[in-house]
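Read off the chains here:
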Amino acid sequence: MIRSRDDADTRVRTRRRLLQAVATGAAALALPGASRSALRSETPDLVIRLVAAPSQVSIRPGPPTQVLRFTGEVLSGRRDAVRPSESYLGPTLELRRGERVRIEFVNRTGESSIVHWHGMIVPARADGHPRFAIPSGQTFIYEFTVRNPAGTYLYHPHPDGRTGRQVYLGLAGLLIVRDDEERAVGLPDPSYQLSLVIQDRRIDEDNALRFSPTMMDAMSGVLGDTVLTNGVADAAFSVAPRTYRLRVANVSNARIYKLAWSDGGPLRAIASDSGLFDREQGMQTRPYVVLAPFQRVELLEDFAGRANAGRLSLISESFADPGGMMGMMGGGMMGGGMMGRRQGERLQIARFTIAGRSSMSSEPLTLPRAERSTPRGGRELQTRLEFRRMLGLLNGRTFAMDAVAPDEVLPLDQESRWAFVNETGGMAMPHPMHIHGVRFRILGRRGDAPTDLRDGLIDAGYHDTVLVFPGERVWVGVAPTEPGMFMYHCHNLEHEDGGMMRNCWFGARHAG
Ligand SMILES: [Cu+2]
């Protein structure tokens, strides 16, 4: 296993040198340090430079915190495509459906990295697979046309074995797609839209973020004791008494949130990971919403109804740790000192102060028509999820840079049924399973979603990440449109870095 991995790395390095030689000779690519390019179109609508580098920010009062941070600028095209962030988070990239985009990723982190556009359907060479990771000092050029519908997506690093660390230290950002269809829905206009990026961290007394997972962290994933929303502790927002569109993204390494309003009111969801629900599905109202790492939900919240109280909080309610054994260790062995580091702890996410005059709430909502479904007739796949000690396994196999097994190949333009089975072997843990390069439907679940979480699951709409509880089997419908090598993995970042990640291949698989 180790041997073949070394061989694979050598092959990638050789290919990289070859491509570097080609790139050096190409006049069109006059970029210092440019290494590799994804498919290059001649005239992109938008050219963005995204730089990842060490930086210092203020997370809470006291000394500044050392982070890794994305910064961005528009080199040509719409100036409003990059909205700087005030925290360590990367700028929010705001793209339009149909736009041809070039993104120059400049790695100045001091270590190998590559960026993945989470949830986006892009060509394989623009997907940020770890085989494209570049050393610090180099630039990787992505080119793609925005195919996704309007929605809330993400970007983050994806180097093999170091994703958890790089995200933890600050490398992540929102990627928002807008389109004409959402404009017809009757949603609150952009000044009444808020994004909430939720993360948890351990912040030392000197305000330092240190990523040093213990053995237990490596199993359960790294959990923090402090919630940072949009990069700050104890986040507070001032809102008007009217309807808002809230985009909520869980960008935590391993923490699952049970989102609820402090006044017990329901949450009204209009979108999941990958775009608005359709007219038949309608708005999804839940007493609480379960959000696993890197899942998103969009809510339509009427603060007018809460104006009397004047304040409201978004919280994460307590729940029993679905990784039963981890819960026992966290609660039993570690005792009270570990409060806030146990999956299922009650946490404060954001405070809202409602002020100002009540104004007209938004017009009635007209959700889009259902998308044309892809014909079925693809393959039937099944993947067993296991995590044993420090090693993640998918059908008994761990990650290898170039490997694709026969049960990891899906045809293009037909819907395959793919079952994720969290029923056997290993330790009982929930696994948020993510597939690159596609939007999938959740076709069904069988088994044991915990009773204190199952009413908060939203299976309507399109997704790119689905939470599979211990004892559960979840079927998704996947219809890839981009050919080539992509990946699927657990999005608990410590599980991913622990090898719970594999390549998948869309389209005809060539030998070798
Ligand atoms: Cu996992």
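Rules used in this analysis
- Residues numbered from 1 in each chain as written.
- Predicted model: local features only at pLDDT ≥ 70, side-chain atom pairs only at ≥ 80, totals over all residues.
- Heavy atoms only, no water.
- Helix = DSSP H or I, 4+ residues; strand = E, 2+ residues; numbered from the N terminus.
- Buried < 20%, exposed > 50% of the residue type's maximum accessible area, 1.4 Å probe, protein only.
- Contact = heavy atoms within 4.5 Å.
- Areas by Shrake-Rupley, 256 points an atom, 1.4 Å probe, with all protein chains shown as cover.
- Phe/Tyr/Trp six-rings, centres within 6.5 Å; stacked < 30°, edge-to-face > 60°.
- Lys NZ or Arg CZ within 6 Å of the ring centre and 35° of its normal.
- Pairing = 2+ DSSP bridges.
- Polar contact = N/O pair within 3.5 Å; in protein donor to acceptor, adjacent residues only side chain to side chain.
- Salt bridge = Lys/Arg side-chain N within 4 Å of Asp/Glu carboxyl O.
- Core = buried A, V, L, I, M, F, W, Y, C linked by side-chain atoms within 4.5 Å.
- Domains from an automatic or database assignment.
- pLDDT = per-residue confidence, 0-100.

## Section: the overall build of the protein chain
Tallying secondary structure elements over the protein chain gives six helices and 34 strands in all. Counting only residues that meet the buried cut, the protein chain has 61% of its 512 residues in that class. In the protein chain, the proportion of contacts linking residues at least 24 apart, taken out of those at least 6 apart, comes to 79%. Of the roughly 20000 Å² that the protein chain leaves accessible, carbon and sulfur atoms contribute 50%.

## A short note on the packing of aromatic side chains
Summed over all chains, the structure comprises 17 aromatic pairs. Ring geometry for Phe-140 against Tyr-142: centres 4.7 Å apart, planes inclined by 55°, an arrangement best described as tilted. Both residues of the pair, Phe-140 and Tyr-142, belong to the buried class. Relative to Phe-303, the ring of Tyr-244 lies with its centre 5.4 Å away and its plane at 75°, an arrangement referred to as edge-to-face. Taken together, the residues Tyr-244 in strand β15 (residues 243-250) and Phe-303 in the loop between β21 (296-302) and β22 (311-316) connect sequence positions 59 residues apart. No difference in accessibility class separates Tyr-244 from Phe-303, as the two residues are buried. A network of ring pairs unites the aromatic residues Phe-70, Phe-105, Trp-117, Phe-132, Phe-140, Tyr-142, Phe-144 and Tyr-155 as a single cluster. Taking NZ or CZ as reference, Arg-242 lies 3.7 Å from the ring centre of Tyr-192, over its face.

## Observations concerning the sheet that holds strand β10 (residues 173-178)
The pairing of strands in a sheet comes from backbone hydrogen bonds and takes either a parallel or an antiparallel form. Taken together, five strands build an open sheet; the order of strands is β4-β5-β10-β9-β7 and the sheet is mixed. A strand with exactly one partner marks an edge of an open sheet, and here the two such strands are β4 (82-83) and β7 (115-118). Both β7 and strand β9 (residues 151-157) contribute to a ladder of four bridges, which runs antiparallel. Looking at β9, one finds that Trp-117 is bridged to Tyr-155.

## Observations regarding unusual backbone geometry
We note that Asn-207 has phi near 65°; this positive angle belongs to a residue other than glycine. Overall, Asn-207 belongs to the buried group, its relative accessible area being 2%. You will see that Asn-230, though not glycine, has its phi angle at about 55°, which is positive. On the secondary structure map, Asn-230 appears in the loop between β12 (226-229) and β13 (232-233).

## Examining the environment of Ser-136
Tracing the chain through its elements places Ser-136 in the loop between β7 and β8 (139-145). Given the relative accessible area of 33%, Ser-136 is considered partly exposed. Separated by 25 residues in the primary sequence, Ser-136 and Glu-111 place their C-alpha atoms 5.2 Å from one another. Sequence-distant contacts of Ser-136, defined by excluding residues within four places in its chain, comprise Asn-107, Arg-108, Thr-109, Gly-110 and Glu-111.

## Considering the pairing of strand β32 (residues 472-478)
Of all the seven residues making up β32, seven are buried; the element is thus mostly covered by neighbouring parts of the structure. Where burial is concerned, the two faces of β32 agree: the one with Glu-472, Val-474, Val-476 and Val-478 and the one with Arg-473, Trp-475 and Gly-477 are both buried. Two elements, strand β27 (residues 415-422) and β32, share seven bridges in a ladder whose sense is antiparallel. Bridge pairing links Ala-419 to Trp-475 in β32. As judged from the seven bridges shared by strand β29 (residues 440-447) and β32, these two strands associate in the antiparallel manner. The partner of Ile-442 across the bridge, within β32, is Val-476.

## Notes on the side chain of His-436
As for its placement among the helices and strands, His-436 is situated in the loop between β28 (431-435) and β29. At 2.7 Å, the side chain of His-436 forms a polar contact with the side chain of Asp-127.

## Comments concerning the side chain of Asn-503
Relative to the assigned elements, Asn-503 resides in strand β34 (residues 501-506). Of the residues examined, Asn-503 reaches a relative accessible area of 0% and is grouped as buried. Polar contacts involving the side chain of Asn-503 include one to the main-chain carbonyl oxygen of Ala-400, which spans 3.3 Å. Excluding anything up to four places from it in sequence, Asn-503 contacts His-129, Phe-399, Ala-400, Met-401, Asp-402, Ala-403, Val-404, Glu-408, Met-485, Phe-486, Met-487 and Tyr-488.

## With respect to the pattern of salt bridges
Within the structure shown, the criterion is met by 38 salt bridges. The shortest N-O distance in the salt bridge between Arg-255 and Asp-200 comes to 2.9 Å. Highlighted residues: Arg-255 in the loop between β15 and β16 (257-261) and Asp-200 in strand β11 (residues 193-201), separated in sequence by 55 residues. The two residues Arg-255 and Asp-200 agree in class, both being buried. Salt-bridge contacts for Glu-317 lead to Lys-258; the nearest nitrogen and oxygen are separated by 3.6 Å.

## Side note on the nonpolar core
One broad rule of soluble globular proteins: the nonpolar side chains tend to lie buried together. In terms of nonpolar packing, the biggest core is built from 52 residues, with Ile-103, Trp-117, Met-120, Tyr-142, Phe-144 and Leu-175 touching the most fellow members. The leading source of residues in this core is strand β2 (residues 46-57), at five residues. The two domains that each donate at least three residues to this core are domain 1 (31-179) and domain 2 (190-354). Once residues within four sequence positions are removed from consideration, Trp-117 is found in contact with Leu-50, Leu-93, Ile-103, Ala-126, Asp-127, Tyr-142, Phe-144, Leu-154, Tyr-155 and Leu-175. Leu-196, Tyr-244, Leu-267 and Phe-277 belong to the second largest nonpolar core, which has 31 residues in total.

## Quick look at the confidence of the model for the protein chain
Mean pLDDT over the protein chain: 88, with 86% of residues reaching 70 or higher. Contacts of residues 1-36 to residues separated by more than four positions or lying in other chains number 42 contacts, the stretch itself having pLDDT below 50. This model gives residues 326-339 a pLDDT under 50, and the stretch forms 20 contacts once residues within four places in sequence are excluded.

## A closer look at the sheet that holds β34
Strands sit in the order β26-β34-β33-β28-β31 across an open sheet of five strands; the sheet is mixed. Unpaired on one side and paired on the other, β26 (409-410) and β31 (465-468) mark the two borders of the sheet. Examined bridge by bridge, β28 and β31 share four bridges and lie antiparallel to one another. When the sheet's bridge partners are listed, His-431 is paired in β31 with Val-468.

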